[in-house]
Amino acid sequence: MRRVGADVEVTGDFKAALECDALVVPGVGAYAACMKGLLAVRGERIIGRRLAGGRPVLGICVGMQILFGCGIEHGVETEGCAEWPGVVDRLEADVVPHMGWNTVRAPEKSVLFEGMDADTRFYFVHSYAARRWELNPEPPMPAPLVTWATHGDDFVAAAENGPLSATQFHPEKSGDAGARLLENWLRNATG
């Protein structure tokens, strides 16, 4: 985020995270461990309060996965933040983890992917993902914008849902394309 001009503060402080202009929820490692760390600082409440107030949140990698209802890793089911319904589970592919550069299929009107070509590649490193999208709101609520990628089968590569956005890939490891995505998110998040 610093690369794209943001003032960054890494914090576990409830008030600071609640009041910041834009919140990034990173995640590396296992779903259960990420949720345990998030719960220890009441992070699920911070995310929920921010979203209820229309305040921007961006989840990255496991930080995206924990936004779903639950995750299943190594036979262990862990409850997530449930901002989106659905399950995060193991990719069905010949080679797992999915590690490397991949294209995505972004929908029209995507803010995150604005100004990017369809063949733009992003860096992924994961064994688990949401392989179905289950949130289908009724009008007048707008439908979330869901971006897909394929590794073995299709999975959710990114989602944009009002103030809540997330990427399964690592924009911070995706070179100029990732920087562009973060610039797009930051511009939209902070007006």
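What you are looking at is a predicted structure, and each value in this text was computed from that prediction instead of being measured. (Residues numbered from 1 in each chain as written. Predicted model: local features only at pLDDT ≥ 70, side-chain atom pairs only at ≥ 80, totals over all residues. Heavy atoms only, no water.)

A. Just the sheet that holds strand β8 (residues 128-130), in detail. The strand order across the open sheet built from four strands is β4-β3-β5-β8, with neighbouring strands paired in mixed fashion. Each end of this open sheet is capped by a strand with a single partner; those strands are β4 (76-79) and β8. Taken over all neighbouring pairs, the strand axes of this sheet differ in orientation by 20° on average, direction set aside. In the sheet, strand β3 (residues 68-73) pairs with strand β5 (residues 84-90) via three bridges, with the strands oriented parallel. The residue bridging phenylalanine 68 from the neighbouring strand is tryptophan 84, located in β5. (Pairing = 2+ DSSP bridges. Helix = DSSP H or I, 4+ residues; strand = E, 2+ residues; numbered from the N terminus. Axes fitted to C-alpha atoms, helices over the stretch in contact; angles between N-to-C directions.)

B. Inspection of the packing of aromatic side chains at higher detail. Summed over the entire model, instances satisfying the criterion amount to nine aromatic pairs. Ring plane angle 65° and centroid distance 5.6 Å describe the contact between tryptophan 101 and tyrosine 123, whose orientation is recorded as edge-to-face. With tryptophan 101 in strand β6 (residues 98-103) and tyrosine 123 in strand β7 (residues 121-126), this residue pair connects regions lying 22 residues apart in the sequence. Among the residues examined, tryptophan 101 registers a relative accessible area of 46% and is labelled partly exposed. Between the NZ or CZ atom of arginine 42 and the centre of the ring of phenylalanine 14, over which it lies, the distance is 4.0 Å. (Phe/Tyr/Trp six-rings, centres within 6.5 Å; stacked < 30°, edge-to-face > 60°. Buried < 20%, exposed > 50% of the residue type's maximum accessible area, 1.4 Å probe, protein only. Lys NZ or Arg CZ within 6 Å of the ring centre and 35° of its normal.)

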